[in-house]
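# Structural characterization, general
Each chain is listed here by its residues.
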Amino acid sequence: MKSRVLPFFHARGEITNMRIVSIINLKGGVAKTVSSVNIAHILSSVHNKKVLLIDNDKQGDASKLLNRHSYARPGTGAIL
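Right, let's walk through the structure included here. Each chain carries its own residue numbering, running from 1 in the written order of its sequence. Two thresholds apply to this predicted model, a pLDDT of at least 70 for residue-level local features and 80 or more for giving and counting side-chain atom pairs, whereas whole-chain, interface and lining totals are computed over all residues. Remark: hydrogens and water are excluded; side-chain values derive from all non-hydrogen atoms of the structure.

### Things to note about the overall build of the protein chain
- For the protein chain, the count of helices and strands is three helices and two strands.
- Strands are runs of DSSP state E lasting at least 2 residues, helices are runs of H or I lasting at least 4, and numbering of each runs from the N terminus. From first element to last, N terminus to C terminus, the protein chain shows the α and β order β-β-α-α-α.
- The burial tally for the protein chain puts 8% of its 80 residues in the buried class.
- When the accessible area of the protein chain is evaluated, it comes to approximately 7,200 Å², of which 56% is carbon and sulfur surface. Relative accessible area decides the class of each residue, using a 1.4 Å probe on protein chains only: under 20% of the type maximum gives buried, over 50% gives exposed, and in between gives partly exposed. Values of accessible area rely on a 1.4 Å probe in the Shrake-Rupley scheme; residue burial ignores everything except the protein chains shown.

Structure, rendered in structure tokens:
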């Protein structure tokens with residue numbers, strides 16, 4: 001897991017630190033999705049942080065775990 005801090009500029013002109021966390025492994029079946037969803041949930045519910053979880057997997061398993069998956073809407077690949 002890798003993390004780095006970047007400045008985030010609010011619309012109100014305030015500057016705060018935004019942390020980017022990436023969970024990357026080319027091998028399948030190593031619990032990347034489950035770890036990502038659990039970390040996002042803990043940061044959001046326990047630590048009251050704003051979290052953006054991007055599901056870049058073609059299977060959309062993180063979206064399915066969070067009940068946000070829809071075959072009617074385009075995925076990340078189609079949007080990009």
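### Structural notes on the side chain of Ser36
- Assignment of secondary structure puts Ser36 in helix 1 (residues 32–45).
- Overall, Ser36 belongs to the buried group, its relative accessible area being 17%.
- Engagement of the side chain of Ser36 in a polar contact is seen with the backbone oxygen of Lys32, the distance being 2.8 Å.
- Ser36 has contacts with Ile23 and Leu53, leaving out every residue within four places of it along the chain. Two N or O atoms form a polar contact when they lie within 3.5 Å of each other; inside protein one atom must be a possible hydrogen donor and the other a possible acceptor, and for residues adjacent in sequence the pair counts only when both atoms belong to side chains. Contact criterion: two residues are considered in contact whenever any of their non-hydrogen atoms come within 4.5 Å of each other.

### Thoughts on unusual backbone geometry
- One non-glycine residue, Ala31, lies in positive phi territory at about 70°.
- Inspection of the secondary structure assignment puts Ala31 in the loop between strand 2 (15–22) and helix 1.
- For Ala31, a relative accessible area of 42% corresponds to the partly exposed category.
- For Asn48, which is not glycine, the phi torsion reads 55° and is therefore positive.
- Residue placement: Asn48 occurs in the loop between helix 1 and helix 2 (61–65).

### Some details on helix 1
- Here, expected helix span is obtained from the residue count minus one, scaled by 1.5 Å. A rise of 1.5 Å per residue sets the reference length of helix 1, with its 14 residues, at 20 Å; its end C-alpha atoms lie 20 Å apart and thus fit the reference within 8%.
- Those residues of helix 1 not exposed but buried are Ser36, Val37 and Ala40. All buried residues of helix 1 project into a common sector of 95° when viewed along the axis, lining one side.
- The elements touched by buried residues of helix 1 are helix 2. Arc definition: directions from the helix axis to the C-beta atoms.

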